[in-house]
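# Tertiary structure, described
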Amino acid sequence: MNLRESLRISWRSIRAHKLRSALTTLGVIIGIAAVITFMVLGGGFSEDIVGDIEAEQEPSMTVQTQTTPEDGFGVMLVETPIYTESDVDALEQREGVEYVAPQGSLDVVQTTADDEQLTGAVDAQATTADRFEHATFVDGEPFDGADEAVVNEQAGQAFEANLSAGDELELTFEDGETTTVTVAGVVESELGDQTPPQVFVPADEHYTTTVETPDGDEERAYPTLQIGAEGLDDVDPVQETAVDYLEDESHAAELKEDDDEIAVQTVEDAIEQFDDLVGQLTVFIGAVAGIALVVGSIGIANIMIVSVTERTREIGIMKAVGATKRDIMQLFLVESVVLGVIGAVVGVAAGLGFGYLGVWLLGWPMVYPLEWVAVAVAVGIGVGVVSGLYPAWRGARVDPIEALRHE
Amino acid sequence: MVAYDTGPGAAAVTAESVRRTYHLAEPIHAVDGVSLSLGEGSFTAVMGPSGSGKSTLMNLVGCLDTPDEGRIEVDGRSVGELSDTERARLRGTEIGFVFQTFNLMPRLTAVENVRLPMVFHDGVDADRQERAQTLLERVGLGDRLEHEPSELSGGQRQRVALARALANEPTLVLADEPTGNLDTETEAEIMELLVELNEAGATILLVTHERAVAEYADHVVHLLDGKIEDLEHLSDARDVTAREQATEGAGNRRPTGEGEA
Ligand SMILES: Nc1ncnc2c1ncn2[C@@H]1O[C@H](COP(=O)(O)OP(=O)(O)OP(=O)(O)O)[C@@H](O)[C@H]1O
Ligand SMILES: [Mg+2]
């Protein structure tokens, strides 16, 4: 029997039981729709963050401490201040290093500008003016002096007055003390829209966190450093020297927890790591959604077995007029594959639809996970074949005489 | 009484001491030691009371069932020794079966039902539809092509079943009461069609309860309790033979050669 004829007959019986066929494919539809939705959301999320980051190369890199969470995967930033002033000085001496700008957060709980108070919304960081060496200022310039500050665009826009150079800003610390600074400049965020509102003030005057160094001295220490290389060609060697120094000779190496790792990353490295993470997470969630697919294929198999029993008489008739076991197998397999493919196609459409809705609501860009669409359709066919095999085999075994007697 | 031999021409169907037993509380021999030879191109009717084993015999000859004892040859091949697939092929290509209960596919239209045997027999694709239509026109159903069985009368269904049996130009046509639900006029048309087929060379085996229908045939096999009670020749053709079982009183009720040809 040729394929077109089996498609015709199978399609007949699918259409004859519209509701049942629809319910059968529902499992596959939900499974595939869930997978595709998560792929769209994951892709959109990643695209949204990474897509904003200026591809423009800068000869700078960030030093941070990372750890792998005990349960779960990915990396977490560790905010412990382990990079001491001595580490900063030592790194600055290395060849190719132009500057080392330390950075640490201040416990500012409230920011006030022009009588408008923002509580907890603006993150305050202490750093040095070198930090802005490669930054782009939309207004003003880096701070120069204890009572000056730099805000990023997000922080500027957080206030109704929309901060610009020359505006006054009052910072309230956790212990109730306040200090007033003048905005010297507004800086563009290199990490795009996702960056939280930040205000930067000079570390020398505002940063007070100290640790006891391995040598027994009290020194100021920071959780983050930014290293600037002299030129783009120096980035790789500087990265290498920095890693060598920080891992072997620095105070940080001794101060960090055993499980923590010192990461020296350029912007590209960070993007790569982030992409990896989102990718892993998406696949993980996708796999969970894939369980729905397994349930879906059991659904198809179940209905097909019922359908074989129900159609015993028809099988008998077909055998009586010359259908071989193979013909019967083919009919039932084609039917379950058609159901699987319908499930896959509808599932992909629904998944793209939900994904589209999701990224639209979240303001992320739409991403079409083409390879996953291909995978989904392949899975649909596979589900059809696998779940149709046993019922088809049962149908093929039916004895024509017995079947014709069946009412 | 006619002694068993293979007859003058080649035999389309040969049965040798065929027995089909159903094992219920006590074994029922639905067909009990039947020996019969149907020559190629012969036209034979089977008569007998209800439950005498007519349908069972038809199933055996139609390669749907296999004998528990003895041997059946169709088209020179021993049915019991064929594989399932070979039997299916034989059913599809050489045999046209009209069932007592029609056995039409409920969700397919008349024309699709008639196409069905062609679908399983990979012939030329293009003329299937046309051929199915022609066959339905031949049985007087040209205006019911797209009707499903549930939308047809009993007699119309029977005629669809007959048209379907002819789909693959079978050399052996088995019809289990094909005129059971028809008025005399349609009955005559259907019987003329079978005679036409027979004249074109097909071997025909027909079950009927009516003497008038049986008289279209050249031979009448009388069954009783699964055994051949009598073989009656209505014409000069002697291409159908049967070996009588040595049963008391067999053959006494109907003398042979009584009917007109
Ligand atoms: N599957 C079966 N299981 C048990 N007994 C059966 C089965 N099929 C047929 N029989 C028995 O075999 C005998 C012959 O049945 P068959 O159907 O061949 O009769 P028939 O001559 O065609 O009767 P009718 O004229 O009523 O159609 C009956 O006694 C019936 O009860
Ligand atoms: Mg019968």
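Refer to the preceding data block for the structure.
Attention in this report is confined to the structure presented alongside it. (Residues numbered from 1 in each chain as written. Chains lettered and ligands numbered in written order. Predicted model: local features only at pLDDT ≥ 70, side-chain atom pairs only at ≥ 80, totals over all residues. Heavy atoms only, no water.)

## With respect to the site of ligand 1
Around ligand 1, the structure places 14 residues, and the nearest of them are B:Ser50, B:Gly51, B:Lys54, B:Ser55 and B:Thr56. The environment around ligand 1 is built from residues contributed by chains A and B. Contacts to ligand 1 include B:Ser50, whose side-chain N or O atom sits 2.6 Å from an oxygen atom. Relative to its free-state accessible area of 640 Å², ligand 1 is covered by the protein chains to the extent of 72%. Among the elements that line the shell around ligand 1, the one with the most residues is helix α1 (residues 54-61) of chain B, at 3 residues. Split by residue class, the shell around ligand 1 holds 4 nonpolar, 8 polar and 2 charged. (Near = heavy atom within 4 Å. Polar contact = N/O pair within 3.5 Å; in protein donor to acceptor, adjacent residues only side chain to side chain. Areas by Shrake-Rupley, 256 points an atom, 1.4 Å probe, with all protein chains shown as cover. Helix = DSSP H or I, 4+ residues; strand = E, 2+ residues; numbered from the N terminus. Nonpolar A, V, L, I, M, F, W, Y, C, P; charged D, E, K, R; others polar.)

## Things to note about a negative patch on the surface
Negative charge collects at one region of the surface, where A:Asp233, A:Asp236, A:Glu240, A:Asp244, A:Glu247, A:Asp248 and A:Glu261 lie side by side. Exposure remark for A:Glu261: the relative accessible area of 55% places this residue in the exposed category. (Patch = residues over 30% accessible without salt bridge, like charges linked within 9 Å, V, L, I, M, F, W, Y side chains within 5 Å. Salt bridge = Lys/Arg side-chain N within 4 Å of Asp/Glu carboxyl O. Lys, Arg positive; Asp, Glu negative; His and termini not counted. Charge placed at Lys NZ, Arg CZ, Asp CG, Glu CD. Buried < 20%, exposed > 50% of the residue type's maximum accessible area, 1.4 Å probe, protein only.)

## Details of the sheet that holds strand β9 (residues 219-224) of chain B
All names here are of chain B. Pairing is mixed across the open sheet formed by 6 strands, whose spatial order is β6-β7-β8-β3-β9-β10. The open sheet has two free edges, formed respectively by β6 (95-98) and β10 (227-233), since each of these has just one partner strand. When the angles between neighbouring strand axes are averaged without regard to direction, this sheet yields 15 degrees. Of the pairings in the sheet, the one linking β9 to β10 comprises 6 bridges and is antiparallel in character. Bridge pairing in β10 links His 222 to Asp 230. α1 contacts β3 (43-47), β6, β7 (172-176), β8 (203-207) and β9 of the sheet and is inclined by roughly 155 degrees relative to β7. (Pairing = 2+ DSSP bridges. Axes fitted to C-alpha atoms, helices over the stretch in contact; angles between N-to-C directions. Contact = heavy atoms within 4.5 Å.)

## As for the interface of chain B and chain A
Residue-level contacts link 29 residues of chain B with 28 residues of chain A. Surface buried jointly by chain B and chain A totals about 2500 Å² across both partners, of which 55% is contributed by carbon and sulfur atoms. The three residues of chain B that bury the most area against chain A are B:Met105, B:Arg107 and B:Phe120, which together make up 29% of that side's buried surface. At the junction of chain B and chain A, the tally comes to 6 salt bridges. The shortest N-O distance in the salt bridge between A:Glu5 and B:Arg115 comes to 2.6 Å. (Buried area = accessible area lost by both parts, 1.4 Å probe.)

None of the figures reported here should be taken as evidence of function without further support.
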